[in-house]
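Descriptive structure summary
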Amino acid sequence: MCVWYPQSKSMFQKTSFTTLIIGVFIVYVLHTCWVMYGIVYTKPCEDRSGENCITSYMTKNPRLQLSIYTSLKSSSDGNPNLNLILNVDDLDIYSKFERNINVSLPKKTRNNGTLFTYVFVHHAGVLPWKDSKQVHIVTQLTTYMVPKPQEINLISGEETTQMSESQKTITDVPDRPITHWRSRLTLNIMADHFSFDREAVPADVHRYMKLYQYGKTVQYLPILFVDLLSNRVKDLVIVNSSTSELPLTIIYDKISLGKLRFWIHMQDAVYSLQQFGFTEKDADEIKGIFVDTNLYFLALTFFVAAFHLLFDFLAFKNDISFWKKKKSMVGMSSKAVLWRCFSTIVIFLFLLDEQTSLLVLIPAGIGAIIEIWKVKKAFKIIIHWKGIRPTFQFGKSDESEKRTEQYDTQAMKYLSFLLYPLCLGGAVYSLVYVKYKSWYSWLINSLVNGVYAFGFLFMLPQLFVNYKLKSVAHLPWKAFMYKAFNTFIDDVFAFIITMPTSHRLACFRDDVVFLIYLYQRWLYPVDKTRINEYGESYDEKSKGKPHRD
């Protein structure tokens, strides 16, 4: 008589859940690809008569002029009282150029005020407000942000900052947002002579279009666009009452319709995040993804990030499942678990001290909580509450666990001979030669540098324990494989991008250790047809096989 274990149903349910997640992931990737295709590709007008088409005014090759003004008021505030700062008489929209000018600051702007810029494209030789075919756009040359604290050398006390002496006084109140000058202004004009269908003009482009009736046809005037994604925090300069003028770099370049639409969507996304409470620094990190990356690499980054998210979820799911069922630490390096918890907390505190974006800070915090929970499981810690005061009770280890602890302690002893001098030397070097905001920042930076530089060494004690026990059956291989594959994807992606050879080698050191793990898995095979020596079953599929009663 043959019967099936009831666990097979549970296994089927788990497999179905994983399959569902992968299916949702595939649908999400395909949907995103379709949306991106709809953004970068616009169907042209196919009406041969041209009556239902909106054509470009630039097909007539008019003589254009670029005029840029500053003002204390935006267009909605009545007469803006414009002040001319740049004129380009014969504007060639197909030629890129860059101009460096000095802009005088009004008294109101110097007293923590705002300054706007008006950018006009109009017929040459005609004042902008007298040209019916002019197009213009208004944007801010200033923004408000809390200034970055000064950094000092903790030994000599020497201060370092990019601000002038007259600007240092404003940082006496570092928690108050003050006026910052945007030293770069990036302008674009759409150079494609594209014919739009009147009934299918994309909404994102339509709000930048100004239409002109020419006989029986409708034409759109030059589409002017200010690239706000190029306004980075590193280009901001503090403004105060003693700042009479500041430099401004004006960059012009043509832009294609596909890139224009993509850039509009990205700017809208960044603006929406700022409306939800994201700071200028948070938005700057998102801008860097688009501005500092080639569009082809950006597309590749999307797929890498999508697969990274999938494998992160699967690794998280399997890791939690493994440790939730874990009752014995036989064959597991408890010190490696403790180090993982410590390093994760250090990285979280470092990100918190650097005021990193919430997009990075929140996952790091969740990861730290999970690692603390794993330490509790590894050391069999039981928390008893007496009122508001907790007491901790540690579980006892059996003989097999004690033998593992001996091997673990022996491995850490050997590792300490190399690790302690390296960490101490790095901390002394940073104390003498690097400047920090405070002793707390120095401590966190020294710790996190040690984690990043030598953290991979703490993977070695587990290898030593495996070697001594001649077994790898105790490891969470599913979660481990997902995490390792994620690391491998990141490292290959870093290798593709141009980077120094030393950095490439550093990226692959974790993968070298992982290959040793795989070698040990081959060297110490697990007999999955039986219960192993630790009283655990590692072949979940065997539970669904028929059993002869």
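Please refer to the structure higher up on the page.
The following refers to the structure shown. Fair warning: this is a prediction, and the values are worked out from it, not measured in the lab.

This brings us to the overall build of the protein chain. A tally of regular secondary structure across the protein chain gives 15 helices and 21 strands. Residues counted as buried form 41% of the 549 residues belonging to the protein chain. Long-range contacts, defined here as pairs at least 24 residues apart, represent 78% of the contacts in the protein chain between residues at least 6 apart. Entry remark: accessible area of the protein chain is about 31,700 Å², with carbon and sulfur atoms responsible for 61%.

Below, the discussion takes up unusual backbone geometry. Positive phi values are uncommon outside glycine, yet Asn61 reaches one of about 50 degrees. With a phi angle near 55 degrees, Lys380 is a residue other than glycine that sits in the positive phi range. With respect to the secondary-structure elements, Lys380 resides in the loop between α9 (358–378) and β19 (381–386). Judged by its relative accessible area of 24%, Lys380 falls in the partly exposed class.

Turning next to the sheet that holds strand β12 (residues 184–190). Spatially, 4 strands are ordered β5-β18-β12-β16 in an open sheet, and the strand pairing comes out mixed. At either margin of the open sheet sits one strand with a lone partner, and together these are β5 (97–104) and β16 (224–226). Sheet twist, expressed as the mean angle between neighbouring strand axes with direction ignored, is 25 degrees. Sheet strands in contact with helix α5 (residues 257–275) are β12, β16 and β18 (245–255), and its direction is about 40 degrees off that of β16.

About the cut-offs
- Residues numbered from 1 in each chain as written.
- Predicted model: local features only at pLDDT ≥ 70, side-chain atom pairs only at ≥ 80, totals over all residues.
- Heavy atoms only, no water.
- Helix = DSSP H or I, 4+ residues; strand = E, 2+ residues; numbered from the N terminus.
- Buried < 20%, exposed > 50% of the residue type's maximum accessible area, 1.4 Å probe, protein only.
- Contact = heavy atoms within 4.5 Å.
- Areas by Shrake-Rupley, 256 points an atom, 1.4 Å probe, with all protein chains shown as cover.
- Pairing = 2+ DSSP bridges.
- Axes fitted to C-alpha atoms, helices over the stretch in contact; angles between N-to-C directions.

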